[in-house]
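Structural characterization, general
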Amino acid sequence: MRFIVSTSTLLKHLQTVNGASSSSTVLPILENFLFEIKEGNLTISATDLQTSMTTSLAVESKEEGKVAVPSKILLDTLKTLPDQPIAFNIDDSTFAIEISAGDGKYKLSGENGDDFPKIPIVENASSVNLPASVLTEAITKTIFAVSNDELRPAMTGVFCQLSPQHITFVATDAHKLVRYRRMDSKADKATSFILPKKALTLLKAALPSTDINVSVDYNATSAFFKFDNINLVCRLIDERYPDYEAVIPQNNPNKLVIDRGLFLNTLRRVVIFANKTTHQVRLKINGSELNISSEDLDFANEAHERLSCQYDGEDLEIGFNARFLIEMLTNLSGDEVTLELSTPNRAGLLIPQTNDENEDVLMLVMPVMLNNSY
């Protein structure tokens, strides 16, 4: 089997799907790309058995066949080659691969393509079409709040709720929660599933900046994303997602409106002086003044800053983990944000002041107990 392709084109396609491959010691073939040639088209596949990605490109070839190619050595080689045509010669019996590029010849051993795991195909699936920009925004706004706790597998993914009215994406790790809702994207019938974090990270990296439609097919076990010449298949997390609506406090009489950039930069400074384990900051609100302070008793460090804000409610003192607030403010858009509070032991809500009419973003953060030493 022989084919010719441009180094830069091949490298771009390999880098798109490379994240799906696995450095598995149990199944070494997962460290390979599967190359399949049919009618002058090269299809490249990578999988870790949970998430699979395929992409295809046109190559010069009169033959058909398949081979598993070691991913790391091929990527490392292509990264160091200039943009030029590169020829692959594969021995159909030993799967030895010879690569010719310019004046160089490189040999590596491949494996039988038939031993590569089969990439799942869509069966009994429902489908919905989403613009790439909506998907990118939904992933960006939620993925930072996903839990890494393997003991709570449901929270290690993003919960997707499809309905005829809107589509909702939810992520939480029990300390913070994000609900991202789109009014301009709808599904024919109501359903919900949990998408794993790895698949969403790969999807976000592969989505183009041009606003094309992404076809999303889903059945009881898997979700399939298709756009341009890229296919991504992932196994859904088979768990029941916690009732997140019950956690969102409905009655929040204390509302603080503040400049997002100002609030964010103040927190970034003040957290430097906070305890390195708890990252605790204290928010003290009196009238139209917000005092943000932190202290690290072990090193006698402390910081105080005063900001002006619009505040409607009773004077309040509440503690938060500054890292969570910083993550949320970084991922919110708009110049101003509203922080809705009720009491010092109830969750606070961060909401952008100017929401796009088609999107509804709500971020929730749990408070931390304050020790009233200062």
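Residues numbered from 1 in each chain as written. Predicted model: local features only at pLDDT ≥ 70, side-chain atom pairs only at ≥ 80, totals over all residues. Heavy atoms only, no water.

Below, the discussion takes up the sheet that holds strand β15 (residues 213-218). Reading across from one edge, β9-β5-β2-β3-β4-β17-β16-β15-β10 is the order of the 9 strands in this open sheet, with antiparallel pairing throughout. Edge positions in the sheet fall to β9 (111-112) and β10 (126-131), since each has one partner strand and no second. Note that strand β5 (residues 65-70) and β9 share 2 bridges and pair antiparallel. Directly across from Val67, in β9, lies its bridge partner Asn112. (Pairing = 2+ DSSP bridges. Helix = DSSP H or I, 4+ residues; strand = E, 2+ residues; numbered from the N terminus.)

Right, let's talk about the side chain of Thr156 for a bit. As for its placement among the helices and strands, Thr156 is situated in the loop between α3 (132-143) and β11 (157-162). Within polar-contact distance, the side chain of Thr156 engages the backbone oxygen of Pro153 at 2.6 Å. Dropping the residues within four chain positions of it, Thr156 is found in contact with Val146, Ser147, Asn148, Asp149, Pro196, Lys197 and Ile237. (Polar contact = N/O pair within 3.5 Å; in protein donor to acceptor, adjacent residues only side chain to side chain. Contact = heavy atoms within 4.5 Å.)

Following both chains from N to C, one finds helix α1 (residues 7-18) and helix α2 (residues 71-80) inclined at 140°, their axes separated by 10 Å at the closest point. Looking at the two axes, α1 sits oblique to α2. For the crossing formed where α1 meets α2, the hand is left-handed. Each of Thr7, Leu10, Leu11, Leu14, Gln15 and Asn18 in α1 lies in contact with α2, whose residues at this interface are Ser71, Leu74, Leu75, Leu78 and Lys79. (Axes fitted to C-alpha atoms, helices over the stretch in contact; angles between N-to-C directions. Parallel < 35°, antiparallel > 145°, perpendicular 65-115°, else oblique. Left-handed = near helix turned anticlockwise from the far one by under 90°.)

In this section: the packing of aromatic side chains. Using the criterion set out here, one finds 7 aromatic pairs in the structure. Summarising the aromatic geometry, the rings of Phe159 and Tyr241 are spaced 4.6 Å apart at their centres and angled 5° between planes, so their arrangement reads as stacked. Of the two residues, Phe159 is situated in strand β11 and Tyr241 in the loop between β17 (230-235) and β18 (254-259); the sequence distance between them amounts to 82 residues. For Phe159, a relative accessible area of 9% puts it in the buried group. For Tyr241, a relative accessible area of 7% gives the class buried. Between Phe169 and Tyr180, the aromatic rings sit 6.5 Å apart at their centres with planes inclined by 45°, giving tilted as the arrangement. Separated by 11 residues along the polypeptide, Phe169 in strand β12 (residues 167-172) and Tyr180 in strand β13 (residues 176-182) bring together distant segments of the chain. (Phe/Tyr/Trp six-rings, centres within 6.5 Å; stacked < 30°, edge-to-face > 60°. Buried < 20%, exposed > 50% of the residue type's maximum accessible area, 1.4 Å probe, protein only.)

Let us look at the nonpolar core. Core analysis: the biggest nonpolar cluster contains 102 residues, and Phe35, Phe88, Phe225 and Leu290 have the highest contact counts within it. Discounting chain neighbours no more than four positions away, the residues touching Phe88 are Met1, Arg2, Phe3, Val5, Leu10, Phe35, Leu74, Ile97, Glu98 and Ile99. (Core = buried A, V, L, I, M, F, W, Y, C linked by side-chain atoms within 4.5 Å.)

This paragraph deals with the domain arrangement of the protein. Looking at the protein, the domain boundaries give domain 1 (2-115), domain 2 (126-235) and domain 3 (254-365). A separation of 28 Å is found between the C-alpha centroids of domain 2 and domain 3. The partner domain 3 presents 14 residues to the 14 residues of domain 2 that form the contact. Overall, the association of domain 2 and domain 3 removes approximately 1400 Å² of surface from exposure, summing both partners, and the carbon and sulfur fraction of that is 54%. Sorting the residues of domain 2 by area buried against domain 3 places Lys141, Phe144 and Arg179 first, and these three jointly supply 36% of that buried surface. Where domain 2 touches domain 3, the interface holds 3 salt bridges. Its salt-bridge partner being Arg179, residue Asp360 comes within 3.1 Å of it at the nearest N-O pair. Of all the secondary-structure elements, those providing two or more residues to the side of domain 2 that touches domain 3 are α3 and β13. Looking at the side of domain 2 that touches domain 3, the element that brings in the most residues is β13, giving 7 residues. (Domains from an automatic or database assignment. Buried area = accessible area lost by both parts, 1.4 Å probe. Salt bridge = Lys/Arg side-chain N within 4 Å of Asp/Glu carboxyl O.)

This paragraph deals with the UniProt feature "domain: DNA polymerase III beta sliding clamp central" (unreviewed entry) in the protein. As recorded in UniProt, the feature "domain: DNA polymerase III beta sliding clamp central" (unreviewed entry) lies at residues 130-243. Across residues 130-243, the secondary structure splits into 19% helix and 39% strand, with the terminal C-alpha atoms separated by 25 Å. (UniProt positions renumbered as here; feature names shortened; annotations may be inferred.)

So, about the packing of helix α5 (residues 260-270) against helix α6 (residues 322-331). Viewed as axis vectors pointing N to C, α5 and α6 meet at an angle of 150°, and their least axial separation amounts to 10 Å. The angle between α5 and α6 places the two elements in the roughly antiparallel class. Viewed along their axes, α5 and α6 form a crossing whose handedness is left-handed. Along its contact with α5, which presents Arg260, Phe263, Leu264, Leu267 and Arg268, the element α6 presents Leu325, Ile326, Leu329 and Thr330.

Another aspect to go through is the side chain of Ser22. By secondary structure assignment, the location of Ser22 is in the loop between α1 and β2 (32-38). Ignoring any residue separated from it by four or fewer positions in sequence, one finds Ser22 in contact with Leu30, Glu31, Thr47 and Asp48.

Here we come to a nonpolar patch on the surface. Nonpolar side chains collect at one region of the surface, where Val26, Leu27 and Leu49 lie side by side and expose about 280 Å² of accessible area between them. In this structure, Leu27 sits in the loop between α1 and β2. With relative accessibility at 35%, the residue Leu27 sits in the partly exposed group. (Patch = residues over 30% accessible without salt bridge, like charges linked within 9 Å, V, L, I, M, F, W, Y side chains within 5 Å. Areas by Shrake-Rupley, 256 points an atom, 1.4 Å probe, with all protein chains shown as cover.)

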